[in-house]
Amino acid sequence: MEAAESQPAPAAAVAEDANPTPAENNNTDAATTATDAAAADAAPTTADGEGAVKRKKKSRLEKRMERHERTKIAQRAKRKERNERRKERKRAGLDVATTSKPLKPSEQTPSKVTVAIDLAFDDYMLSGDIIKIIKQVQNCYGANRRTRKPVNYWVTSLGGASKARLDSLQGSSSWKFERDSRSFVDVFPNKRIVYLSSESENVLSTLDEDAVYVIGGLVDHNKHKGLTHRMAVERNIEHARLPITEFINMKARRVLTVNHVFEIILKYVELQNWRAAFFAVIPPRKGLEDKAEEEGAEEDSDASGFDYGDEGEEDEGEADEEGEGEKEPSDAASESKRQKADEQDNAEPAVKDSV
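Here we summarise the structure given alongside this text.

## Digging into the pattern of salt bridges
Phase 1: Evaluated as defined, the whole model comprises six salt bridges.
Phase 2: With a closest N to O distance of 2.9 Å, Asp180 and Arg182 form a salt bridge.
Phase 3: The buried category is assigned to Asp180, whose relative accessible area is 15%.
Phase 4: A relative accessible area of 42% means that Arg182 is categorised as partly exposed.
Phase 5: When the shortest N-O distance is used, the salt bridge between Asp290 and Arg275 registers 3.0 Å. Here Arg275 lies in helix α11 (residues 274-281) and Asp290 lies in strand β9 (residues 288-290), a separation of 15 residues in the sequence.
Phase 6: Among the residues examined, Asp290 registers a relative accessible area of 8% and is labelled buried.
Phase 7: On the basis of relative accessible area, Arg275 is assigned to the partly exposed category, the value being 21%.

Put into structure tokens, the structure is as follows:
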């Protein structure tokens, strides 16, 4: 009996167990179908791939259109500013024709006025500031080539980082202005020097052809206020300021770049009219108002109310053809606070104490 019970099941029974029932077949088919459907959903179709490509192209196109629109807006703003500047010149009684192209030597009549930019302040500036001041030196050169009465243009104390930056600009070695590694006091007689500074109590009423007008090439973001004026006083050098507040009022921040000061001098040499020179050079967005037209205008609290040179980036003037295409690297993060302030009042980069 026991031996009979331990015998293996018949082969037919084993075969029957190995074959799935119809119900089991249905379950297996359903599972296979679900797996195939999930795989089909997970794998992107050709249509989906094409849609992704189209969306990417559309995104790139939209970005290009946005950049184009921003460029158009900036161009319209520049045209508007030029038109406003022309209107201001007309209001000043002189609609002076200007050109953006260098004039031929035969079209210019050199004046006897001498203007020098003093670059003795490398130790007071960051690398980004040195880039800015050399850009302004370049813009002064370009402005002198576009005027009908160019001045004798000098750059003194040229050395160190400033010289290295200037030398790195393409074609700068052929730019026609006087450059000297010596200090201006070693280049010109002391009695001829007039250092331009907004801190000065002396007002410049006219330009003397025998004098040398020195502009401090310092971009310091107001960290060393009055430095160039103190230097002039300590060296017993004559100093003066431009008569800006005698002729105009400004609503915006009153900071001028080195090339603004230089161009004002150029324009005065040409027109012999300070008011017209200020309206022709100082950007209209600073809210210029003719002081002669105002009644009861309040006196400014300081000598001039202006800083000649302080920061220096926007509206530095047009670069000369020989220097075009040179892009300036952005400043270090340490200047971010100043840049925010500049955005609020549209102030230009300026070199301090130059005017």
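## Let's talk about the packing of aromatic side chains
Phase 1: Applying the stated rule across the entire model yields ten aromatic pairs.
Phase 2: Between Tyr153 and Phe177, the ring centres sit 5.0 Å apart and the planes meet at 40°, which makes this aromatic pair tilted. Of the two residues, Tyr153 is situated in strand β2 (residues 152-156) and Phe177 in the loop between α6 (160-168) and β3 (178-179); the sequence distance between them amounts to 24 residues. One exposure class covers both Tyr153 and Phe177, and it is buried.
Phase 3: Here the aromatic cluster, defined as three or more aromatic residues joined through ring pairs, consists of Tyr141, Tyr153, Trp175, Phe177 and Phe262.
Phase 4: Its guanidinium or amino end placed over the ring of Phe177, Arg179 lies 4.3 Å from that ring's centre, counting from NZ or CZ.

## Focus: the layout of surface pockets
Phase 1: Roughly 460 Å³ of internal volume is contained in the second largest pocket.
Phase 2: Lining the second largest pocket we find 18 residues, and of these Gln108, Tyr141, Asn144, Arg145 and Lys176 sit closest to its centre.
Phase 3: Considering only residue class, the lining of the second largest pocket consists of nine nonpolar, four polar and five charged.

## Description of the nonpolar core
Phase 1: Ranked by size, the top nonpolar core spans 64 residues in total, and within it Tyr153, Leu207 and Ile264 carry the most contacts.
Phase 2: Ranked by residues supplied to this core, first place goes to helix α10 (residues 258-271) with eight residues.
Phase 3: Excluding anything up to four places from it in sequence, Leu207 contacts Val113, Tyr213, Ile265, Tyr268, Val269 and Trp274.

## Structural notes on the side chain of Ser162
Phase 1: Tracing the backbone through its elements, the reader meets Ser162 in helix α6.
Phase 2: Accessibility expressed as a relative area gives 0% for Ser162, which makes it buried.
Phase 3: There is a polar contact of 2.4 Å between the side chain of Ser162 and the side chain of Asp122.
Phase 4: In contact with Ser162, other than residues within four places in its own chain, are Leu119, Asp122, Ile130 and Ile134.

The rules we used
- Residues numbered from 1 in each chain as written.
- Predicted model: local features only at pLDDT ≥ 70, side-chain atom pairs only at ≥ 80, totals over all residues.
- Heavy atoms only, no water.
- Salt bridge = Lys/Arg side-chain N within 4 Å of Asp/Glu carboxyl O.
- Buried < 20%, exposed > 50% of the residue type's maximum accessible area, 1.4 Å probe, protein only.
- Helix = DSSP H or I, 4+ residues; strand = E, 2+ residues; numbered from the N terminus.
- Phe/Tyr/Trp six-rings, centres within 6.5 Å; stacked < 30°, edge-to-face > 60°.
- Lys NZ or Arg CZ within 6 Å of the ring centre and 35° of its normal.
- 1 Å grid on protein atoms, 1.4 Å probe; cavity = no way out; pocket = protein on both sides within 12 Å on 5 of 7 lines; lining within 4 Å.
- Points joined across faces, edges and corners; volume = space filled by probe spheres on them.
- Nonpolar A, V, L, I, M, F, W, Y, C, P; charged D, E, K, R; others polar.
- Core = buried A, V, L, I, M, F, W, Y, C linked by side-chain atoms within 4.5 Å.
- Contact = heavy atoms within 4.5 Å.
- Polar contact = N/O pair within 3.5 Å; in protein donor to acceptor, adjacent residues only side chain to side chain.

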